[in-house]
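Descriptive structure summary
Here's the letter readout for the chains.
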Amino acid sequence: MNFLENKKLPWVLWLAISATCFAVILTSYNARQRFIEWQFLLSDAQAFEVEWGQLLLEKSTMASYSRLEQIAADKLNMTAPSKQQIVVVKVGY
Amino acid sequence: MLASLKFHWRFAVVAAFLMLLFAVLVIRMMLIQVVDIDGGLSFLQGQGKARTVRMETIPANRGMITDRNGQPLAVSTPVVTIWANPKKMQASPEQIRQLAKLLEQPYQRLHKKLQRYKNKQFVYIQRKISPALAEAVFALKISGIYGREEYRRFYPAGEVTSQLLGFTNVDNVGQEGFELAYDSWLQGSDGSRKVVKDLFHRTIKVINHIEEAKPGNDLVLSIDLRLQYLAYKELKSVVKHHRADGGTAVILDVHSGEVLAMVNQPSFNPNDRRNMEIASVRNRALTDVFEPGSTVKPIAVMAALESGKVHAHSKIDTRPGYVKVGRKTLLDPVNYGVIDVTKVITKSSQVGMTKIALSLDQETIPGMYMRMGFGQYLQTGFPGERTGRLPERTKWRPIERATLAFGNGVSVTALQLAQAYAIMANHGEKIPVSLLLQDEIPASEKVVDAQYADAVLEMLKTVVKPGGTAKKAQTESYSVAGKTGTSHKVGRRGYEDGKYLSLFAGMAPADNPRLVAVIVVDDPKGKEYYGGEVAAPVFSKIMSGSLRMLNVVPDKLTTNSPSAVSRSNYVAGR
């Protein structure tokens with residue numbers, strides 16, 4: 001068979017194998033890079049979640065009703081409206 | 001020719017010998033690395049893995065507890081636990097001194113601790129410190145000191161919600177309250193996985209997940225933190241003002257059966273439990289039972305109305321202001337004369353109530369208490385919830401029948417009493433109470449015909465009007481209805497002299513009740529101890545504030561047409 005007698009074929013095959021070898025190396029390298037990136041994003045996500053929890057705590061401390069009431073009454077001189085100051089509006093006919 | 005042959009022969013021997021040596025090396029390597037003779041392969045692979053393969057724990061967060069509007073009530077946040085390996089620790093006394101100063105520990109104690117464990121591999125230095133403080137500790141660069149990330153529970157509302165939520169121990173296991181009741185629901189389980197790490201400790205490959213992390217579930221309570229805070233503030237001020245032993249207040253939504261506020265005094269700060277007293281941990285609204293006193297009179301009257309023996313305006317003769325039952329004499333503060341059933345409630349007449357009770361079949365009143373849920377679990381799932389006591393007898397003596405009608409010989413929790421009032425406020429419909437947010441209103445059960453419940457509600461409106469026992473329960477903008485009560489505190493040896501519970505239970509707005517509130521003040525020590533003097537004013541403040549926050553239209557204010565508003569100096573803000 002002249003197919004087997006072809007002198008160029010081994011070289012072509014060798015080149016092809018080398019090319020796929022490098023492709024495998026490249027892909028697995030890329031996969032690792034992506035994976036590392038993903039891991040960092042995951043830990044970032046976790047850190048953000050932690051920060052969110054802390055901000056939530058901070059918000060509820062800063063906006064606690066006792067603190068709001070104190071600031072409203074002492075700093076801003078606010079009072080609950082008395083009966084005379086309230087007007088009830090009926091909407092519609 | 002001979003020389004070259006000779007050389008050739010010697011060269012061949014040496015070459016063959018060297019080849020043999022090389023072959024031996026190759027075979028040996030093969031035996032070690034491929035065939036695994038004398039454990040070589042597993043040893044090398046093990047060493048390789050020891051440098052790259054790591055087990056990682058995936059931390060799972062404990063779920064959050066929030067109020068009905070999503071306000072956080074209990075949140076887990078990461079903290080750092082500092083530990084040391086004393087065997088590897090190399091620290092100068094100066095460094096240890098700095099460490100002790102940072103952690104606010106006495107130097108001597110830290111030094112002794114390290115001495116005692118100097119041959120051990122592990123000792124806690126300080127558990128659960130803030131991440132910022134941990135950074136400062138690591139900045140000291142003491143070798144052999146490590147940090148481990150843990151979670152700590154924070155309660156932003158502090159003492160306002162402490163008994164309801166309970167708390168967790170240092171290992172994040174619920175110990176009290178909802179933290180205990182829903183521990184497995186809130187508790188996540190840590191996961192773990194096998195990974196390959198590179199030189200820079202970056203994870204480059206996940207080999208397998210041993211166990212997935214299961215984050216804890218969130219728990220949404222029916223509590224409205226705004227109402228909770230208001231109720232707490234008012235209860236705390238009345239307990240302090242009257243030098244009472246304690247108190248409790250419950251607000252219930254009439255239409256959904258949800259508890260909107262449940263507060264107790266004394267309380268504690270769940271974020272710093274060093275000075276916590278055991279008595280302040282009880283959620284009194286569910287764990288403490290008391291005799292409801294006059295607050296059950298409306299229920300007894302409802303039973304009487306249902307029996308058909310009396311109606312709202314039947315005349316009862318309370319002259320001469322006292323009545324003898326067996327060997328006991330029951331008396332009113334003054335002689336009310338001939339009054340109708342409504343007035344018995346308005347004035348809280350002991351004599352009138354006794355006469356009504358004695359005219360009924362002996363099972364009528366206990367049967368009604370039973371339908372109101374007395375003596376039965378409320379199924380709130382709260383740890384330590386008590387049922388109270390509703391005695392069952394085949395034969396009731398007259399004195400027992402009379403005292404039962406004004407709330408002696410029966411004991412309830414504050415939430416049970418609130419539920420009974422919610423039934424009266426809701427036209428006789430009993431809705432199961434809940435401490436958790438309800439997605440839909442649970443099915444109600446008709447326990448009393450609407451006409452009797454509504455008739456009693458009408459009577460309760462007279463209690464807060466002039467001539468009633470609780471004028472101080474009135475509010476400026478909303479009409480209210482309710483009943484006072486003052487009961488003897490029950491101690492180890494029966495009723496305690498001079499110790500009272502001051503009670504008020506009621507609903508508002510009176511014409512179409514939206515909320516029910518029960519106030520209990522335990523042993524007020526001032527001159528005033530009647531429910532109408534101590535508990536009723538608290539009810540008034542809590543009710544008016546709560547209804548306003550819930551945007552309920554005030555029914556005692558005059559309603560203006562929009563044109564009238566434009567003429568007034570009212571500024572709507574926008």
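Starting afresh in each chain, residues are numbered from 1 along the sequence in its written order. Going through the entries in the order they are written, you letter the chains from A and number the ligands from 1. Under the rules for a predicted model, residues below a pLDDT of 70 receive no local features and side-chain atom pairs below 80 are neither given nor counted, while totals for whole chains, interfaces and linings still include all residues.

1. A word on the overall build of chain A
Just so we agree on the cut-off: Helix and strand assignments come from DSSP, with helices taken as H or I runs of at least 4 residues and strands as E runs of at least 2, each series counted from the N terminus. As defined in this context, the radius of gyration uses C-alpha atoms, and a globule is described by 2.2 Å times the residue total to the power 0.38.
Looking only at helices and strands, chain A has 3 helices and 1 strand in total. Beginning at the N terminus, the succession of helices and strands in chain A can be written as α-α-α-β. Relative to the compact-globule value of 12 Å for 93 residues, chain A shows a C-alpha radius of gyration of 36 Å, a clear excess of over 25%. Each principal axis of the C-alpha distribution contributes one length, and for chain A these read about 110 × 40 × 15 Å.

2. Notes on the interface of chain B and chain A
Accessible area lost upon the coming together of the parts is a frequently used measure of interface size. Our working rule: Distance between backbone-placed C-beta atoms decides contact: two residues are in contact if it is within 7 Å. Amino acids are sorted into nonpolar (Ala, Val, Leu, Ile, Met, Phe, Trp, Tyr, Cys and Pro), charged (Asp, Glu, Lys and Arg) and polar (every other residue, Gly among them).
Facing the 25 residues of chain B at the interface are 20 residues of chain A. Listing elements by their share of the side of chain B that touches chain A, those giving two or more residues are β3 (72-84), β7 (203-211), α9 (225-241), β20 (559-560) and α19 (562-567) of chain B. Among the elements that make up the side of chain B that touches chain A, the one with the highest residue count is β3(B) (4 residues). In terms of residue class, the side of chain B that touches chain A is made up of 13 nonpolar, 8 polar and 4 charged.

3. Some details on helix α13 (residues 350-358) of chain B
Note the cut-off: To sort residues by burial, count the other C-beta atoms lying within 10 Å of each one's C-beta; a count of 20 or more means buried, 12 or fewer means exposed, and anything in between means partly exposed. C-beta atoms are built from the backbone.
Counting buried residues along α13(B), 8 of its 9 residues qualify, which places the element largely inside the surrounding structure. Gln350(B), Val351(B), Gly352(B), Met353(B), Thr354(B), Lys355(B), Ile356(B) and Ala357(B) are the residues of α13(B) that are buried.

4. Some details on the packing of helix α11 (residues 297-307) of chain B against α13(B)
All names here are of chain B. Selection rule: Note on definitions: angles span 0 to 180 degrees between N-to-C directions of axes, and those axes are lines fitted to C-alpha atoms, for helices only across the stretch in contact. The sense of a crossing depends on the near helix, which, turned anticlockwise from the far helix by less than a right angle, makes the crossing left-handed and, turned clockwise, makes it right-handed.
Put simply, α11 and α13 touch, their axes get as near as 10 Å, and they point 35° apart. Remark: the crossing between α11 and α13 carries left-handed chirality. Of the residues in α13, those in contact with Lys297, Ala300, Val301 and Ala304 of α11 are Met353, Ile356 and Ala357. Taken together, the residues that form the contact of α11 with α13 break down as 6 nonpolar, no polar and 1 charged.

5. Some remarks on the environment of Asn169(B)
Residues and elements named next belong to chain B. Mapped onto the fold, asparagine 169 is located in the loop between α6 (162-165) and α7 (177-181). In this structure asparagine 169 comes out as exposed when scored by C-beta crowding, with 11 C-beta atoms within 10 Å. Taking the C-alpha atoms as reference points, asparagine 169 and asparagine 217, separated by 48 residues in sequence, lie 18 Å from one another.

6. Quick look at helix α14 (residues 364-371) of chain B
Residue and element names in this part refer to chain B. Quick reminder of the rule: The arc refers to the directions leading from the helix axis to the C-beta atoms.
Taken together, the buried positions of α14 are Ile365, Pro366, Met368 and Tyr369. Seen along its axis, α14 keeps its buried residues to an arc of 160°; they face one direction. Those residues of α14 that are buried lie in contact with α11, α13 and α15 (398-405). Where α14 terminates, the next one or two residues include glycine 373, which has phi positive at roughly 100°.

7. So, the pairing of β7(B)
Residue and element names in this part refer to chain B. For the record, the criterion: Two strands pair under a simple rule: DSSP has to find at least two bridges between them.
Where strand β6 (residues 191-197) meets β7, 6 bridges bridge the pair, whose relative direction is antiparallel. Residue lysine 197 lies in a different strand from β7, and its bridge partner there is threonine 203. Between β6 and β7, which follow one another and run antiparallel, lie 5 residues, and histidine 201 among them has a positive phi close to 60°.

8. Describing the sheet that holds β6(B)
Residues and elements named next belong to chain B. If you walk across this open sheet you meet the 3 strands as β1-β6-β7, and the pairing is antiparallel. If you trace the sheet from one side to the other, it starts and ends with β1 (53-58) and β7, each paired once. The sheet shows a mean angle of 30° between the axes of neighbouring strands, direction not considered. With 6 bridges joining them, β1 and β6 adopt antiparallel strand pairing. Within β6, the residue paired with valine 53 across the bridge is valine 196.

9. Notes on the domain arrangement of chain B
Residue and element names in this part refer to chain B. Keep this limit in mind: Note that domain bounds follow an automatic or database assignment of domains.
Split into domains, chain B comes out as domain 1 (57-220) and domain 2 (225-270 + 281-549). Facing 19 residues of domain 1, the contacting portion of domain 2 comprises 19 residues. Where the side of domain 1 that touches domain 2 is concerned, the elements lending two or more residues are α6 and α7. The greatest single-element share of the side of domain 1 that touches domain 2, amounting to 4 residues, is contributed by α6. In terms of residue class, the side of domain 1 that touches domain 2 is built from 9 nonpolar, 6 polar and 4 charged.

10. Observations regarding the sheet that holds strand β18 (residues 494-508) of chain B
Sheet strands line up and pair through hydrogen bonds in the backbone, either parallel or antiparallel. Residue and element names in this part refer to chain B. The strand order across the open sheet formed by 5 strands is β10-β9-β19-β18-β17, and the pairing between neighbours is antiparallel. One side of each edge strand has no neighbouring strand; the edge strands of this open sheet are β10 (259-265) and β17 (481-491). Strand-to-strand twist in this sheet, taken as the mean axis angle between neighbours without regard to direction, amounts to 10°. Both strand β9 (residues 246-253) and β10 contribute to a ladder of 6 bridges, which runs antiparallel. Residue pairing in the sheet places alanine 249 in a bridge with valine 263 of β10. Across the sheet, helix α18 (residues 531-549) is in contact with β9, β17, β18 and β19 (515-522); its angle to β18 comes to roughly 30°.

11. A word on the pairing of β3(B)
All names here are of chain B. Summarising the sheet, strand β2 (residues 65-66) and β3 pair through 2 bridges and their orientation is antiparallel. Following the sheet pairing, threonine 66 is matched in β3 by proline 72. In this structure, the hairpin formed by β2 and β3 is closed by a connection of 5 residues, where glycine 70 is found at a positive phi of approximately 85°. Across 10 bridges, the pairing between β3 and strand β5 (residues 145-154) is antiparallel. When the sheet's bridge partners are listed, threonine 81 is paired in β5 with arginine 148. In this sheet, strand β4 (residues 123-129) lies alongside β3 in antiparallel orientation, the contact comprising 4 bridges. Bridge pairing in β4 links isoleucine 82 to glutamine 126.

12. A word on the confidence of the model for chain A
Quick reminder of the rule: By definition, pLDDT measures how confident the predictor is in each residue, and it falls between 0 and 100.
Summing up the model confidence of chain A, the mean pLDDT is 86 and the portion of residues at 70 or higher is 94%. Here helix α1 (residues 2-5) of chain A is the element of chain A with the lowest mean pLDDT, 68, and helix α3 (residues 65-75) of chain A is the one with the highest, 90.

13. Description of unusual backbone geometry
Of all residues except glycine, most have a negative phi; of all peptide bonds, most are trans. All names here are of chain B. Cis geometry marks the peptide bond from arginine 319 to proline 320, where omega comes out at 0°. Among the secondary structure elements, proline 320 is positioned in the loop between β11 (315-317) and β12 (322-325). The phi torsion at lysine 128 lies on the positive side, around 55°, for a residue other than glycine. For lysine 128, the location among the structural elements is in strand β4. Phi at arginine 243 takes a positive value of approximately 50°, unusual for a residue other than glycine. In this structure arginine 243 comes out as exposed when scored by C-beta crowding, with 10 C-beta atoms within 10 Å.

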